[in-house]
Amino acid sequence: MDSNDLERERGITILSKCTSIQYKGNLINIVDTPGHADFGGEVERIMSMVDGVALVVDATEGPMTQTRFVLSKALSRGLRPLVVVNKVDRSTSRVAQVESDLFDLFATLGATDEQAEYPLLYASAKQGWASDAVVPAPSDPSMEPLFNLILSHVPAPVHLSSSGPFSMLTVQIETDPYIGVLYLGRVQSGTLNPGDTLWAVDSEGNKVGEGKVKRILGRKGLEREEKDSAGAGEIVSVAGIKGGGVNVTLVHPDGWGETGPQPLPTTPIDPPTISIYIYPNDSPLAGKEGNKLTSQLIRERILKEAQTNVALKVLPGPTAESVEVRGRGVLHLGVLLETLRREGFELSVGSPKAVMIPNPDTPDKRDNASMLEPVEECTIIVKEEFAGTVVQKLTMRKASMISYDSGSHGEGEGWVKIIMDVPSRGLIGYLAGEFKNDVHGQGTLNHIFKGYEPYKGEVDTGRRGSLISMTDGASSAYAMAPLQARGTMFIHPGTQVYPGMVIGEAGKAQDLYLNPCLKKQLTNIRAAGADEKIVLGSPRVMTLEEVLSYMGDDEMVEITPKNIRLRKVILDPSKRMRGGKGRGA
């Protein structure tokens, strides 16, 4: 069901998807949600549509941090999960250990006795079968055991009523180039027909929109199909309503009596923890690659995204042309920025910051020491030989150790599982690239928002200085060859650069100004080293999320449809020194 280009490229689910199937005369609505905590808003907003949860766990990896996040949301709503252990056909599967870990997870999350008595199925989605026993692939592979379990375990939606006035909580807004705006949700009561007049009512009961239903669309498999009517329990998309948004109730205005139309209860959304400032691109190369450049276009597009992405919060920025965007994490914000650049936008983005809140115990103070900051619970599975480096780096970032467990953890002997509490700002600069280098690709780090705790002090990221271009033009191999001794380069020969652009990381703590565009002088004199071959090492090419995590407080990321460039906020070095923005170069 992952149809988004970014989902296919990254192999993760970003947006929730809905579909419906008919099975033995029953309508089964299926909602696929993301597992990553950065996209938890997608999970929270669809919880009101479901009556049960099928928790899918990898037979090798077991329950991950993301599994814990989704399960905690389901348990808090009183849902009774059923568990599917997938990929049991793999040679590395460790079903017994995973079952034990699952039981511990349910107990840790405070599941009731009824929720902890979950039914268990074993499956191989790739081979298309499910079974109530760990056996070799059945001769007649089928998913019928799973559908039968859903019918017997998930309670019927008896709280829905076909009588009474129509009501539906919108959980997603879709757009169609031919139909317009579509409000998706599950019908809570009554019936809906084309031509009906509906009001949009917010959580306070205030009317925020209305319209006449033009079309009703349901889901069959992965395709939309038009319907003549919709009744209680059906997931449909409604076209023709103006106004409203996510978590807004669509109601028929008549039949409510003296109380008037009532809003349906919604699931509370966790607050965003990471903030960035977005500006129009003002670099010397601005306007050469994108076609959407103005602050007005950028602001309108981000506000439109915030209507459907409920975990995003948009606020005014420090200047008239900027906006502040708050999200769940660097990955959450990085996906938004990647979407914008693919749509032709050019942006400049400031360094990510943790969203702090006032400490109620110190109401009269407003310095960092009197604030509360977001803290993440990190689960690290890594080769034992690299565990010390990871623990040391996170401890420098004000992390505290919760547990250290040696064992196989599905990867063979010599692996450890470490759980640490880390401030969100400590993870920003470590998770993307530095962690991968520290574990040599042999480890995973997953995190979940734990809560707000008192400010833990300044974080030492260990970041070195920058190699900064002092001229504009195209970089040359001739100039870059001797510069390699100064640090790690970020660019290839032939890259367009400008003064103030960061082209690498210095080997020391100080910033260095370099000329990567120097060309070899052409003369009619043959030099002794004229035929020497220029050898360049591979530059460090970072993804968008890695650049966001890497950059310092005095730096920005220039994002265009074709390039991602790291630069100083103040390009002129003399002005930067006077403004105190340098690193002591």
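Calculation criteria
- Residues numbered from 1 in each chain as written.
- Predicted model: local features only at pLDDT ≥ 70, side-chain atom pairs only at ≥ 80, totals over all residues.
- Heavy atoms only, no water.
- Salt bridge = Lys/Arg side-chain N within 4 Å of Asp/Glu carboxyl O.
- Helix = DSSP H or I, 4+ residues; strand = E, 2+ residues; numbered from the N terminus.
- Buried < 20%, exposed > 50% of the residue type's maximum accessible area, 1.4 Å probe, protein only.
- Expected span 1.5 Å × (residues − 1).
- Phe/Tyr/Trp six-rings, centres within 6.5 Å; stacked < 30°, edge-to-face > 60°.
- Lys NZ or Arg CZ within 6 Å of the ring centre and 35° of its normal.

Q: Give a detailed account of the pattern of salt bridges, specifying residues and quantitative values.
A: The full count for this structure, using the stated rule, is 23 salt bridges. Ionic pairing is found between E289 and R565, a salt bridge with its closest N-O pair at 2.9 Å. Taken together, the residues E289 in the loop between strand 14 (274-280) and helix 7 (295-308) and R565 in strand 31 (residues 564-568) connect sequence positions 276 residues apart. Residue classification places E289 among the partly exposed residues on the basis of a relative accessible area of 22%. A salt bridge links K568 to D554; the shortest N-O distance between them is 3.0 Å. One end of the pair, K568, is in strand 31; the other, D554, is in the loop between helix 13 (544-550) and strand 30 (555-559), and 14 residues separate them in sequence.

Q: Explain helix 8 (residues 330-342) residue by residue, including any values.
A: Taking 1.5 Å per residue, 13 residues should reach 18 Å; helix 8 reaches 18 Å between its end C-alpha atoms and fits that length. Within helix 8, eleven of the 13 residues are buried, which leaves the element mostly enclosed by the surrounding structure. What helix 8 keeps buried is the set V330, L331, H332, L333, G334, V335, L336, L337, E338, L340 and R341. Positive phi shows up at G344, right after helix 8, with a value of about 100 degrees.

Q: Talk me through unusual backbone geometry; I want residue IDs and the actual numbers.
A: For K87, which is not a glycine, the phi torsion comes out positive at approximately 65 degrees. Mapped onto the elements of the fold, K87 is located in the loop between strand 4 (81-86) and helix 4 (95-108). The class of K87 is partly exposed, set by a relative accessible area of 32%. Unlike most non-glycine residues, K398 shows phi in positive territory, near 70 degrees. Residue classification places K398 among the partly exposed positions, given a relative accessible area of 32%.

Q: Describe the packing of aromatic side chains, naming the residues involved and giving the relevant values.
A: Scanning the model with the defined rule gives four aromatic pairs in all. With centroids separated by 5.6 Å and ring planes inclined at 85 degrees, the aromatic side chains of F490 and Y550 adopt a geometry described as edge-to-face. Residue F490 is found in the loop between strand 26 (487-489) and strand 27 (496-497), and its partner Y550 is found in helix 13; the two are separated by 60 residues along the sequence. Against the face of W199 rests K207, its NZ or CZ located 4.4 Å from the ring centre.

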